Amino acid sequence: MPRYYLLSVFLLFPCLCFGMHIMEGFLPMGWSIAWWVIVIPFLYYGTRNINQMVKERPNIKMLLAMVGAFAFVLSALKLPSVTGSCSHPTGVGMGTILFGASTMSVLGFIVLIFQALLLAHGGITTLGANTFSMGVCGPIFTWLVYRLSLKWGLTQRMAIFLAVTLGDLVTYLVTSTQLALAHPDAQSGFLGSMAKFSGIFAFTQLPLVISEGLLTVFVLNVISQYAWEELPLFAALRAKNNKN
């Protein structure tokens, strides 16, 4: 019963969120345009990769849709932080492990559009900045950590957990950096503002990133048991393990 009460509270009284998603109008127009310009090349490259992937493996469309839905649901779970703000998971880690960082830049962009239009979570003017943090920086760091972890001999599950957890943290830090650049503190400047923005969400973000890491390990473990043929990366790892 208590969990249903908490859920109803979150749905009926949504938080003013400038955490992982920067809300509409919170960035000056100059910064909004700059982040849009920066993110466009990533979207172009990601779109090309997705088109190529779908041409080579048409039956992978359903898995791509599922990854996008997973990111939409997780990143829409706004949990109260402090001072009226919110924190939430990103959900892009699983898609990054399966398809790479460039794919998630496009899927993350689509997720953020729907959330801005349907849930008033984020915004259109801040879409470039939100895509850069959640759809570009987070996935790139997730992919690098995942590949390095495997190279260093960690198990696949541990590599997934570390990659998703640290990638989520990087997303949150990039968002804090974006806010600090746009709104430097009057006395302490960028660094002071960065400390304030990052400190606001640290209390709730740390347990969230750990939870998302564990959930992603569980979901990918289930998928890998029933859909090896759909996952080129996992199939290659399995073949390599069998040879060893």
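Rules used in this analysis
- Residues numbered from 1 in each chain as written.
- Predicted model: local features only at pLDDT ≥ 70, side-chain atom pairs only at ≥ 80, totals over all residues.
- Heavy atoms only, no water.
- Helix = DSSP H or I, 4+ residues; strand = E, 2+ residues; numbered from the N terminus.
- Polar contact = N/O pair within 3.5 Å; in protein donor to acceptor, adjacent residues only side chain to side chain.
- Core = buried A, V, L, I, M, F, W, Y, C linked by side-chain atoms within 4.5 Å.
- Buried < 20%, exposed > 50% of the residue type's maximum accessible area, 1.4 Å probe, protein only.
- Contact = heavy atoms within 4.5 Å.
- pLDDT = per-residue confidence, 0-100.
- Expected span 1.5 Å × (residues − 1).
- Bend = angle between axes of the 7 residues up to and from the residue.
- Patch = residues over 30% accessible without salt bridge, like charges linked within 9 Å, V, L, I, M, F, W, Y side chains within 5 Å.
- Areas by Shrake-Rupley, 256 points an atom, 1.4 Å probe, with all protein chains shown as cover.
- Salt bridge = Lys/Arg side-chain N within 4 Å of Asp/Glu carboxyl O.
- Axes fitted to C-alpha atoms, helices over the stretch in contact; angles between N-to-C directions.
- Parallel < 35°, antiparallel > 145°, perpendicular 65-115°, else oblique.
- Left-handed = near helix turned anticlockwise from the far one by under 90°.
- Nonpolar A, V, L, I, M, F, W, Y, C, P; charged D, E, K, R; others polar.

1. Focus on the side chain of S133
So, point 1. Relative to the helices and strands, S133 resides in helix α6 (residues 127-151).
So, point 2. Of note is the side chain of S133, whose polar atom sits 3.1 Å from the backbone oxygen of N130.

2. Quick notes on the nonpolar core
So, point 1. Membership of the largest hydrophobic core comes to 50 residues, with the highest contact counts inside it found for M94 and F99.
So, point 2. Here this core gets 10 residues from one element, more than from any other, and that element is helix α7 (residues 156-182).
So, point 3. Residues in contact with M94, not counting those within four places in the same chain, are M66, V67, F70, T216, V219, L220 and I223.

3. Thoughts on the environment of Y44
So, point 1. You can see Y44 is positioned in helix α2 (residues 29-56).
So, point 2. Sequence spacing of Y44 and V106 is 62 residues, and the spatial spacing of their C-alpha atoms is 8.4 Å.

4. Looking at the environment of L74
So, point 1. Checked against the element boundaries, L74 lands in helix α3 (residues 61-75).
So, point 2. On a C-alpha basis, the gap between L74 and T90 in space is 6.1 Å, while along the polypeptide they are 16 residues apart.
So, point 3. Discounting chain neighbours no more than four positions away, the residues touching L74 are H88, P89, G91, E212 and L215.

5. Quick word on the confidence of the model for the chain
Parts of the prediction with low pLDDT should not have their coordinates interpreted in detail.
So, point 1. Within the chain, residue pLDDT values average 79, and 78% of them lie at 70 or more.
So, point 2. In the model, residues 1-19 has pLDDT below 50 throughout and makes 28 contacts with residues more than four positions away in sequence or in other chains.
So, point 3. This model gives residues 236-244 a pLDDT under 50, and the stretch forms 4 contacts once residues within four places in sequence are excluded.

6. With respect to α2
So, point 1. For α2, with 28 residues, the first-to-last C-alpha span of 41 Å sits near the 40 Å given by 1.5 Å per residue.
So, point 2. Along its length, α2 shows its largest kink, about 30 degrees, at V39, and proline P41 lies within four residues downstream of that point.
So, point 3. Every buried residue of α2 is listed here: S32, W35, V39, L43, G46, I50, M53 and V54.
So, point 4. Each element contacted by the buried residues of α2 is listed here: α3, α4 (93-99), α5 (101-118), α6 and α7.

7. Description of a nonpolar patch on the surface
So, point 1. Side chains of I38, F42, I140, L144, L148 and W152 sit close together on the surface and give an oily, nonpolar patch of about 580 Å² of accessible area.
So, point 2. Put simply, the parts of the chain that give the nonpolar patch at least two residues each are α2 and α6.
So, point 3. Counting residues per element, the nonpolar patch draws most heavily on α6, which supplies 3 residues.
So, point 4. Examined against the element boundaries, L144 turns out to sit in helix α6.

8. Observations concerning the packing of α6 against α7
A pair of packed helices is characterised by two quantities: the angle between their axes and the separation of those axes.
So, point 1. As a packed pair, α6 and α7 sit with axes 7 Å apart at the nearest point and diverge in direction by 150 degrees. The angle between α6 and α7 places the two elements in the roughly antiparallel class. In the packing of α6 onto α7, the handedness of the crossing is right-handed.
So, point 2. When its residues are assigned to classes, the contact of α6 with α7 shows 16 nonpolar, 9 polar and no charged.

9. Side note on the packing of α5 against α6
So, point 1. Axis separation between α5 and α6 bottoms out at 8 Å; the angle between their running directions is 150 degrees. With respect to their mutual orientation, α5 and α6 come out roughly antiparallel. Here α5 runs over α6; the crossing is right-handed. Facing A101, M104, S105, G108, F109, V111, L112 and I113 of α5, the residues of α6 in contact are L127, N130, T131, M134, G135, V136, P139, I140 and W143.
So, point 2. Across the contact of α5 with α6, the residue classes tally to 12 nonpolar, 5 polar and no charged.

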